[in-house]
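Read off the chains here:
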Amino acid sequence: MSKLKKMRTPVFWAEGHPGKLDRENWKVEVEGLCEKPITLLWQDLMKMPKTVANARLTSVTRFSVGGNWGGVKISDIAKHVKVKPEAKYVRFWSVGMVYDTSIPIETAYKDKTLLTWEFDDELLEEDYGGPVRIICPYLWGYKSAKSVVKIIFTEKYERGYWEQRGYTDEAYIEAGPVIDINSGGKMKRMPDGEVTRFIDED
Ligand SMILES: Nc1nc2c(c(=O)[nH]1)N[C@H]1C(S)=C(S)[C@@H](COP(=O)(O)O)O[C@H]1N2
Ligand SMILES: [Mo]
């Protein structure tokens, strides 16, 4: 059993669980405002520069789980496809093309925003967005699209699945109580913005 599962990390699939996914034949299309759109195969991703980010996924439903996410930085993908200067947002689409979400390009280019396939050295299973998902620890978890099949660099913002249903477009993490998955579900207090530590611990 994966560490995420052992810790009882909640599994969210607003569009329905996608079932078993084929890691070896996974493809991520990267397109939009770039000079060299590309389809990245699983094997291509494995050859790209790998980054491991210690980061928390924090849901607006107020759970937070932290660990070492391994993957490729969105900024490295952007270099690879030569993103054009007009690009202002990055839109992510999940398998099935029902769930999408977009983030500002500056947030996408931060060090810990990754297309990730690993959590604490284990490959991500379908429940947690395997083969590859987004981790964007700077914003509420609904921006961290799971099982990603398409990344589009855009000029115009489009509301995604949860944004159309009332969650904010900015998804700025707000201070307050949160359930810390890593400590077995203890209630803690967190600051606003990226959660790097809780307020009631040092
Ligand atoms: N495709 C897809 N991605 C998604 C979601 C979803 O429902 N479908 N939920 C989002 C929300 S609201 C959160 S908090 C995290 C939860 O990630 P987890 O299910 O791995 O815990 O995934 C995000 N990515
Ligand atoms: Mo969430």
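Up top is the structure.
It should be emphasised that the depicted structure is a prediction, and the values quoted were computed from it without experimental measurement.

(A) How the structure looks around the environment of M7. Position of M7 among the secondary structure elements: in the loop between α1 (3-6) and β1 (27-32). Classification of M7 by relative accessible area gives buried; the value is 17%. Each C-alpha atom, one on M7 and one on G184, is 6.6 Å from the other, the two residues being 177 residues apart in sequence. Discounting residues that sit within four places of it in the chain, M7 has contacts with V65, F119, I181 and N182.

(B) The arrangement of the nonpolar core in detail. Among the nonpolar cores identified, the biggest contains 42 residues, and V28, L45, I77, F92, L115, I151 and F153 are the most heavily contacted of them. Broken down by secondary-structure element, the contributors of at least two residues to this core are β1, α2 (42-47), α3 (74-81), β5 (89-94), α4 (105-108), β7 (114-119) and β10 (148-154). Setting aside residues up to four positions removed in sequence, I77 forms contacts with V30, L40, M48, V72, L115 and I151. Counting residues in each nonpolar core, the second largest holds 14 residues, with A53, A55, L57 and L124 among its members.

(C) Layout of α3. Among the eight residues in α3, six count as buried, and that is most of the element. Along α3, the positions that sit buried rather than exposed are I74, S75, D76, I77, A78 and V81. Following α3 by one or two positions, K82 adopts a phi angle in the positive range, close to 55°.

(D) Up close: the site of ligand 1. Close to ligand 1 lie 19 residues, the nearest being P10, A14, E15, R133 and K146. Here an oxygen atom of ligand 1 sits 2.7 Å away from a polar atom, N or O, in the side chain of R133. Notes on ligand 1: free accessible area 530 Å², of which the protein chains cover 98%. The class makeup of the residues in the shell around ligand 1 is 11 nonpolar, five polar and three charged.

(E) Summary view of the packing of aromatic side chains. Counted by the stated rule, this structure contains eight aromatic pairs. Consider the rings of F12 and F63, whose centres lie 5.6 Å apart with planes at 75°: the pair is edge-to-face. Here the residue F12 occupies a position in the loop between α1 and β1, and F63 occupies one in strand β4 (residues 63-73), the gap between them amounting to 51 residues. F12 gets classed as partly exposed once you look at its relative accessible area, which sits at 43%. Accessibility expressed as a relative area gives 7% for F63, which makes it buried. Summarising the aromatic geometry, the rings of Y161 and W162 are spaced 5.3 Å apart at their centres and angled 85° between planes, so their arrangement reads as edge-to-face. Three or more aromatic residues joined by ring pairs make a cluster, and in this case those are Y99, Y142, Y161, W162 and Y167. Across from the ring centre of W42, 5.9 Å away, lies the NZ or CZ of R23, which sits over that ring. K110 extends its terminal NZ or CZ atom over the ring of Y138, reaching a point 4.5 Å from the ring centre.

What counts and what doesn't
Sequence positions are assigned chain by chain, starting from 1 and proceeding in written order. In the order they appear in the text, chains get letters beginning with A and ligands get numbers beginning with 1. Per-residue local features are limited, in this predicted model, to residues with pLDDT of at least 70; the limit for side-chain atom pairs, both in listing and counting, is 80 or more; totals at the level of whole chains, interfaces and linings are taken over all residues. Side-chain numbers come from the whole structure's heavy atoms, not from hydrogens or water. Helix numbering and strand numbering both begin at the N terminus, where a helix is a DSSP run of H or I of at least 4 residues and a strand a DSSP run of E of at least 2. A 1.4 Å probe rolled over the protein chains alone gives each residue an accessible area, and that area as a share of the maximum for its type sets the label: buried under 20%, exposed over 50%, partly exposed in between. Whether two residues touch is decided by their heavy atoms; if any such pair falls within 4.5 Å, the residues are in contact. Only buried residues count toward a nonpolar core, which is a set of Ala, Val, Leu, Ile, Met, Phe, Trp, Tyr and Cys residues joined through side-chain atoms within 4.5 Å. Any residue with a heavy atom lying within 4 Å of a molecule or strand is counted as near it. Any pair of N or O atoms that falls within 3.5 Å is considered a polar contact. Within protein, one atom must be able to donate a hydrogen and the other to accept it, and sequence-neighbouring residues count only if both atoms are side-chain atoms. Each accessible area value is a Shrake-Rupley result obtained with a 1.4 Å probe; residue values ignore everything except the protein chains displayed when judging cover. All residues other than Ala, Val, Leu, Ile, Met, Phe, Trp, Tyr, Cys, Pro, Asp, Glu, Lys and Arg, Gly among them, are scored as polar; the first ten of these are nonpolar and the last four charged. Each Phe, Tyr or Trp ring (for Trp, its six-membered ring) is paired with any other whose centre lies within 6.5 Å, and the angle between the two planes then decides the class: stacked below 30 degrees, edge-to-face above 60, tilted in between. Charges are assigned to positions over rings by a cutoff of 6 Å between ring centre and Lys NZ or Arg CZ, combined with an angular limit of 35 degrees from the ring normal.

What is shown is where atoms sit, not what they do.
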